[in-house]
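Reading the structure
The chain contents come next:
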Amino acid sequence: MTRTPNFVSWRAAILHRADDNIERLKRQLERLGVTVLVQWKPLDLAETPADIVLVDADQGWDDLLPWDGDEAPVPVVALLGSEAPGRIAWALGKGAGALIAKPVTASSVYPALVLATHAHHERTAVKARIAGLEERLRLRPIVYDAMRSIMAAQGGDEAGAYRTLCRLAMQRRLTVEHVAVSIVAGHEPVPRAM
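Read on for an overview of the structure. Note that the structure is predicted; figures quoted are calculated from it, not measured. (Residues numbered from 1 in each chain as written. Predicted model: local features only at pLDDT ≥ 70, side-chain atom pairs only at ≥ 80, totals over all residues. Heavy atoms only, no water.)

What about the environment of Phe7?
- With respect to the helices, strands and loops of the structure, Phe7 is situated in the segment before strand 1 (11–15).
- Between the alpha carbons of Phe7 and Asp63 there is a distance of 27 Å; along the sequence they are 56 residues apart.
- Setting aside residues no more than four positions away along its own chain, Phe7 makes contact with Leu32, Gly33, Val34, Tyr110, Leu113, Val114 and Thr117. (Helix = DSSP H or I, 4+ residues; strand = E, 2+ residues; numbered from the N terminus. Contact = heavy atoms within 4.5 Å.)

Next up, the structure:
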């Protein structure tokens, strides 16, 4: 079971014009221990650090959030009062992992924060996994070059060369790809026949 996060000492940036909804939202966030900043101008996380962003999806524009959905550096919650498909698509395109329907109710805030945080962590983990797989794929030719060097030194076949690479990787607590790079670059001697 996934533990629900505690938002005490988090910083929230609410990108919305001030109104009664935002006052209710701000009060509820503060009850959860969140420090809140409300503004209606483009967000600059260097200038306004935030752990989570709540954004008006009804009137938001592309420059309001300086990223595309997959690049959102923090969890995003959309504040939405309409059912317009274009507004929903805009929110998703900016990385919204949850939404709070307007008018804001106190009971909708915590679940939205939890869902947005979970979605952001999942998206970040998937991106890291894809990056790792892309790196491994990019290094495949180097792994094959290292295997050819091992086959030449040991007089064995591909399977034996790959087993040797795996054994070296386990001994050094590195990936097969990193050991292969070391062998091809000449930093690691080519293993001889045992």
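That was the structure; now back to the text.
As for the sheet that holds strand 2 (residues 35–39)
- The strand order across the open sheet built from 5 strands is 2-1-3-4-5, with neighbouring strands paired in parallel fashion. With partners counted over all chains shown, the strands left at the sheet margins are strand 2 and strand 5 (96–101), one partner each. Neighbouring strand axes in the sheet, compared pairwise and without regard to direction, differ in orientation by 20° on average.
- Where strand 3 (residues 52–56) lies against strand 4 (residues 76–80), 4 bridges are found, and the strand directions are parallel. Opposite Leu54, over in strand 4, you have Val77 as the bridge partner.
- Sheet strands in contact with helix 2 (residues 85–93) are strand 3, strand 4 and strand 5, and its direction is about 165° off that of strand 4.
- Along the sheet, helix 3 (residues 106–154) contacts strand 3, strand 4 and strand 5; its crossing angle with strand 5, the most-contacted strand, is approximately 165°. (Pairing = 2+ DSSP bridges. Axes fitted to C-alpha atoms, helices over the stretch in contact; angles between N-to-C directions.)

What about the packing of helix 1 (residues 20–31) against helix 3?
- In the contact formed by helix 1 and helix 3, the axes pass within 9 Å of each other and the chain directions differ by 60°. Considered as vectors, helix 1 and helix 3 are oriented oblique to each other. For the crossing formed where helix 1 meets helix 3, the hand is right-handed. Along the contact surface, helix 1 presents Leu25, Gln28 and Leu29, while helix 3 presents Ala106, Val109 and Leu113.
- For the contact of helix 1 with helix 3, the residue count by class is 5 nonpolar, 1 polar and no charged. (Parallel < 35°, antiparallel > 145°, perpendicular 65-115°, else oblique. Left-handed = near helix turned anticlockwise from the far one by under 90°. Nonpolar A, V, L, I, M, F, W, Y, C, P; charged D, E, K, R; others polar.)

Quick word on a negative patch on the surface
- Judged by side-chain charge, Asp19, Asp20, Glu23 and Glu30 come together as a negatively charged surface patch.
- Within the secondary structure, Glu30 is located in helix 1. (Patch = residues over 30% accessible without salt bridge, like charges linked within 9 Å, V, L, I, M, F, W, Y side chains within 5 Å. Areas by Shrake-Rupley, 256 points an atom, 1.4 Å probe, with all protein chains shown as cover. Salt bridge = Lys/Arg side-chain N within 4 Å of Asp/Glu carboxyl O. Lys, Arg positive; Asp, Glu negative; His and termini not counted. Charge placed at Lys NZ, Arg CZ, Asp CG, Glu CD.)

Overview of helix 4 (residues 158–172)
- Compared with an ideal rise of 1.5 Å per residue, which puts 15 residues at 21 Å, helix 4 spans 21 Å between its outermost C-alpha atoms and is within 8% of the ideal.
- Within the sequence span of helix 4, burial applies to Gly160, Ala161, Thr164, Leu165, Leu168 and Ala169. (Expected span 1.5 Å × (residues − 1). Buried < 20%, exposed > 50% of the residue type's maximum accessible area, 1.4 Å probe, protein only.)

Concerning the nonpolar core
- Of all hydrophobic cores here, the largest spans 21 residues; its most connected members are Ile14, Leu25, Leu29, Leu54, Val77, Ile100 and Leu113.
- Taken together, the elements giving at least two residues each to this core come down to strand 1, helix 1, strand 3, strand 4, strand 5 and helix 3.
- Among the elements that make up this core, the one with the highest residue count is helix 3 (5 residues).
- If we skip the residues at most four places from it in the chain, Ile14 touches Ile22, Leu25, Leu29, Val36, Leu37, Val38, Gln39, Leu54 and Leu79. (Core = buried A, V, L, I, M, F, W, Y, C linked by side-chain atoms within 4.5 Å.)

Notes on helix 3
- The end-to-end C-alpha separation of helix 3 is 70 Å, in line with the 72 Å expected for 49 residues at 1.5 Å each.
- Roughly 45° is the biggest bend found in helix 3, and it falls at Arg140, with proline Pro141 one to four residues downstream.
- Just downstream of helix 3, Gly155 is the residue with a positive phi angle, here 70°. (Bend = angle between axes of the 7 residues up to and from the residue.)

Structural notes on the packing of aromatic side chains
- Using the criterion set out here, one finds 3 aromatic pairs in the structure.
- Taking 5.8 Å as the distance between ring centres and 80° as the angle between the ring planes, the aromatic pair formed by Phe7 and Tyr110 counts as edge-to-face. Separated by 103 residues along the polypeptide, Phe7 in the segment before strand 1 and Tyr110 in helix 3 bring together distant segments of the chain.
- Aromatic side chains Trp40 and Trp61 sit 5.2 Å apart centroid to centroid with 90° between the ring planes, which places their arrangement in the edge-to-face category. You can see Trp40 sitting in the loop between strand 2 and strand 3 and its partner Trp61 sitting in the loop between strand 3 and strand 4, a full 21 residues away along the chain.
- Taken together, the ring pairs in this structure connect Phe7, Trp10 and Tyr110 into an aromatic cluster. (Phe/Tyr/Trp six-rings, centres within 6.5 Å; stacked < 30°, edge-to-face > 60°.)

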